[in-house]
Structure formats: C-alpha cells, structure tokens
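The chain contents come next:
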Amino acid sequence: MKTVLAYSGGLDTSVCVKWLQENYKTDVITLTLELGQNRKDMKEIEERAKELGAIKTYSIDVSREFIGEYVHPAIKANALYEGKYPVATALSRPLIGKWLVKIAEKEKADAVSHGSTGKGNDQARFELTVRALNPELEIIAPVREWNMTRDKEVEYAKKHRIPIPPKSKYSTDENLWGRSIEAGPLEDPMKKPEEDAFDWTTQPEKAPEKAERIEIGFNWGVPVGLNNKKLESVELIKELNKLGGKHGVGRIDMIEDRLVGIKSREVYECPAATILLEAHRELERLTLTREQNLFKEHIDRKWAQLTYFGQWYEPLREDLDAFINKTQEVVSGIVVMELYKGNARVVGRSSPNSLYDLGLATYDRGDRFDHKLAEGFLRLWGLPSEIAGRRKRKL
Ligand code: ARG
C-alpha cells in the first residue's frame, strides 16, 4: 500500500508518518506545500520526513497558483465568512487537496492522508476535494482515528524518536492570505488575546504615530499595482502584509460557527486581506449599479459559505464565479487608503468606469438633477404602502 500524506513537519503530521506505517502497513510519501509561509526550512522538513521513514518526499511552491486561482476569486467575491473572516485557511485546503490527488495519481498511490482533527472544518475541505477529484482514493485521517491526548501523542513520539517541538500555546495555520490562531488561552471568549498570539501585526497602540497613505490599482477586480508601481501578484500581497502589519491592521477576533456545529473563538491576523477587501468593495461601490451591489452581497455571502464549508467543488461555486466575473469587467481603477494604528481607511477612489456623476451629486452650482421630478416619483414609489396604510386604518 502507498499513501500520500499532507505533511507540515509539525508534531501531528510527523506522528502521522509513523502511525500510518504501523497501523496501515503502508508506504508513506509526504507532500509539503509552500503557500507563502516563507518556509526557509523546506529541506529540513523533507529530511525529517525521510528520517521518519517516508519513501519519498515532495515540497512544492504553489504560492502563485494559490493567489491566482483562490485568493483573486476571493477578492472578487469580497469573501468574508460571517462578515468577518477572510477564509484564509479555508482557501488553502482545496489547493492542498488537489495536489494530494495529483501526487497520488502520479505515484499510483492507494490513499491520501491529512492531519486534521474530527472537530474542525479542515477535514471537510480536504475530503470533499479528494472525493470530487478522485473518489477511488482512500482517505485516512489518523488524528481523527487515533484518539490520543497530547500526552499520549508525545509519549508515542518519544517512543519512535520523533522530534518534539516546544509545546506552543496556540494552534496556528498560515498562508499569504492570513494567519489563523486558535486554542489555548483563546478558548475563553471573554479574554483579550495576549500579544504573543500575534506574529504578523504590531500592537496598534505601538504602531507608527503617522498615517501611511497607499494607493492600490485594480484591474477587473484584481489588485495589480501598489503606489503607482505594477507588482507581481504574490509580491503585492507580501508587500501589503508587511505594510499593514507595521500599522497593526487586520487583527480579527470573533466567535465563529463551524461546519460541525460548534461555536469557536477565532483570532486572525490578515493585513493584506483586510486592506484589499476594503479597497475592492469600495471600487465596486463606485463602478457597479445599485442593483448589482445589492444583489452581489447575497452572492458574495454564499460564495464565502461554500468556501468555508469545504464545498469548493460544488458546481454552484463555479456558477457564482461566472456571475461574479461578469460584474468585475468594470471594476478597475485606484483606491487610496490610509493605514493608521490598526485601521485601513479608504480616503479616495477613481475609475475610468466610474458611475459617479458630479453634475447629479453636487449641492453646489452646476447641479443638473431635476428636483421637480422627485415629487411625482415619490408619489408612485410610496403608492403600495399608501394603499396598504389606508386598508390598515379601515380595519
Ligand atoms: N477556523 C478557521 C477555519 O476553519 C481556521 C482554522 C485553522 N486551522 C488550523 N489547523 N489551525 O478556516
């Protein structure tokens, strides 16, 4: 038997390598993906997997694919789960799942495996992806199966000479679109996250005293430039994570409804996502009609839910993308923002496709809006409620 394991190099997935060999008598091939975590230790991770007995190791940089095929669609969809979470971890899972299948097919493996628990959303995202792409592959989720406490797991690791990293206070996951932080002291929803939970963002109080102005260029709904300079997609996001992080932008603290029905306290730091989603939404306000904007909110909300709940390959997601992409044909232009002590505020916007008409909007000279038309318009606009009101008074 041959199994491809999504391997991060951490304790759980390291134990998975041994556990799979022992319990499934399977050869293990590890797959480690670079999604912009700036892993300098990719070689080290491969070494570790080999020492644990992996027969082959893969490490692949998929940052560009991640931005182009997952993050850009998320920007166009203004994707925020429950209005707050930019679905960073959620977006990475279908990509990792896709690569698991790809390598499994290449290696003629029988199974794929991941280190997710039975309580989280990630198991759904991995498994729905694998099922959609190749239902022949067996899926093994050791952490869900083995039922070990952390102590038992450490014992198991010691017995098998698996290196044990210092116990971290939190469970974290990161990629270019954001960093997710859970568990430990965060499980008390009343308790403010301590500073050591954060890694990408400066404490807002300690951020620079002076606001920093940035200008983001968009083309067809996708960011293409920063401060008048064209930037490659991955670089642009990295740069915004740095700039936003410096100003303490993008800290999110929320109660979240997981797929399995649990409410959990989640903390995120997503500087680039916070900046870009705010900027993109504003450019849509400028370039889409009122009807488009109001309708798109529903589509956007559904898109984020599908992504969050692991339904990336539900055909409806592609249908929604078709609608969303059509709307983005006019979403080009620039948005000016100021970053200051935890905030990213839009202060200016312009577009060749702008629907803003100064002649109609102005309260000064040059007003072309015909005020007299409003009177008749409002009689008709209010007619249905006028008639209903008359009935109510009669009853
Ligand atoms: N709650 C977030 C989500 O479901 C973050 C999950 C973080 N994953 C992790 N393995 N720590 O998308």
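To be clear, the structure that these remarks concern was listed above.
A brief structural summary. (Residues numbered from 1 in each chain as written. Predicted model: local features only at pLDDT ≥ 70, side-chain atom pairs only at ≥ 80, totals over all residues. Heavy atoms only, no water.)

### Re the nonpolar core
Note the cut-off: Here, nonpolar core means buried Ala, Val, Leu, Ile, Met, Phe, Trp, Tyr and Cys residues that are tied together by side-chain atoms lying within 4.5 Å of each other. Three labels apply to residues, based on accessible area from a 1.4 Å probe with only protein chains included: buried if under 20% of the type maximum, exposed if over 50%, partly exposed otherwise in between. Elements are defined by DSSP. Helices are runs of H or I of four residues or more, strands are runs of E of two residues or more, and each kind is numbered from the N terminus.
Counting residues in each nonpolar core, the largest one holds 75 residues, and the members touching the most others are Phe66, Leu91 and Trp177. Per-element accounting of this core gives the leading share, 10 residues, to helix 4 (residues 88–106). By size, the runner-up hydrophobic cluster in this structure holds 21 residues, among which are Leu11, Val15, Leu20 and Ile162.

### Things to note about the sheet that holds strand 6 (residues 171–175)
The pairing of strands in a sheet comes from backbone hydrogen bonds and takes either a parallel or an antiparallel form. Here is the rule: The pairing criterion for strands is at least two bridges between them, as found by DSSP. Lines are fitted to the C-alpha atoms to define the axes, a helix being fitted only along its stretch in contact, and any angle between axes, read from their N-to-C directions, falls within 0 to 180 degrees.
Taken together, the 4 strands give an open sheet; going across it, the order is 6-7-12-11, and neighbouring strands pair in antiparallel fashion. Edge positions in the sheet fall to strand 6 and strand 11 (251–257), since each of these pairs with one other strand and no more. Geometrically, the sheet is characterised by an average inter-axis angle of 25 degrees between neighbouring strands, direction not taken into account.

### Structural notes on the site of the ligand
The test is simple: Near is defined per residue: the residue qualifies when any heavy atom it owns lies within 4 Å of the molecule or strand. By the criterion applied in these results, polar contacts are pairs of N or O atoms within 3.5 Å in which, for protein atoms, one can donate a hydrogen and the other can accept it, and in which residues neighboring in sequence qualify only through two side-chain atoms. In this description, accessible areas are obtained by the Shrake-Rupley approach with a 1.4 Å probe, and a residue is regarded as covered only by the protein chains that are shown. When residues are grouped by polarity, Ala, Val, Leu, Ile, Met, Phe, Trp, Tyr, Cys and Pro land in nonpolar, Asp, Glu, Lys and Arg in charged, and all others, Gly among them, in polar.
Every one of the 16 residues lining the ligand counts as a neighbour, but Tyr85, Asn121, Arg125, Glu256 and Glu266 are closest to it. Serine 171 has a polar side-chain atom sitting 3.1 Å from a nitrogen atom of the ligand. Contacts to the ligand include glutamate 256, whose side-chain N or O atom sits 2.8 Å from a nitrogen atom. Protein burial of the ligand: of its 350 Å² of free accessible surface, 89% is covered by the chains. Sorting the residues of the shell around the ligand by element identifies helix 4, helix 5 (122–133), strand 6, strand 7 (178–182) and strand 12 (263–269) as the ones contributing at least two each. Of the residues that constitute the shell around the ligand, the class distribution is 4 nonpolar, 5 polar and 7 charged.

### A short note on the pattern of salt bridges
For clarity, the threshold we go by: Take a side-chain nitrogen of Lys or Arg and a carboxyl oxygen of Asp or Glu: if they are within 4 Å of each other, that pair is a salt bridge.
Under the definition given, this model contains 36 salt bridges. In this structure, the salt-bridge partner of glutamate 239 is lysine 242, at a minimum N-O distance of 3.7 Å. A residue pair is termed a helical-turn pair when its members lie 3 or 4 positions apart in one helix, as glutamate 239 and lysine 242 do in helix 8 (residues 233–246) at 3 residues. By relative accessible area, glutamate 239 is classed as partly exposed at 30%. Overall, lysine 242 belongs to the exposed group, its relative accessible area being 58%. When salt bridges that share partners are traced, they join Arg281, Glu284, Lys296, Glu297 and Asp300 into one network.

### Thoughts on the packing of helix 4 against helix 5
Applied cut-off: Between 65 and 115 degrees an angle is taken as roughly perpendicular, under 35 as roughly parallel, over 145 as roughly antiparallel, and anywhere else as oblique. Left-handed is the label given to a crossing in which the near helix is rotated counterclockwise from the far helix by less than a right angle, and right-handed is the label when the rotation is clockwise. Every residue pair with non-hydrogen atoms within 4.5 Å of one another is taken to be in contact.
In contact at an axis separation of 8 Å, helix 4 and helix 5 are set at 40 degrees when each is read in the N-to-C sense. One element, helix 4, and the other, helix 5, form an angle in the oblique class. Judged by the sense of rotation from one axis to the other, the crossing of helix 4 with helix 5 is right-handed. Along its contact with helix 4, which presents Thr89, Ala90, Arg93, Pro94, Ile96, Gly97, Lys98, Val101 and Glu105, the element helix 5 presents Asp122, Arg125, Phe126, Thr129, Val130 and Leu133. A breakdown of the residues in the contact of helix 4 with helix 5 according to their chemical character gives 7 nonpolar, 3 polar and 5 charged.

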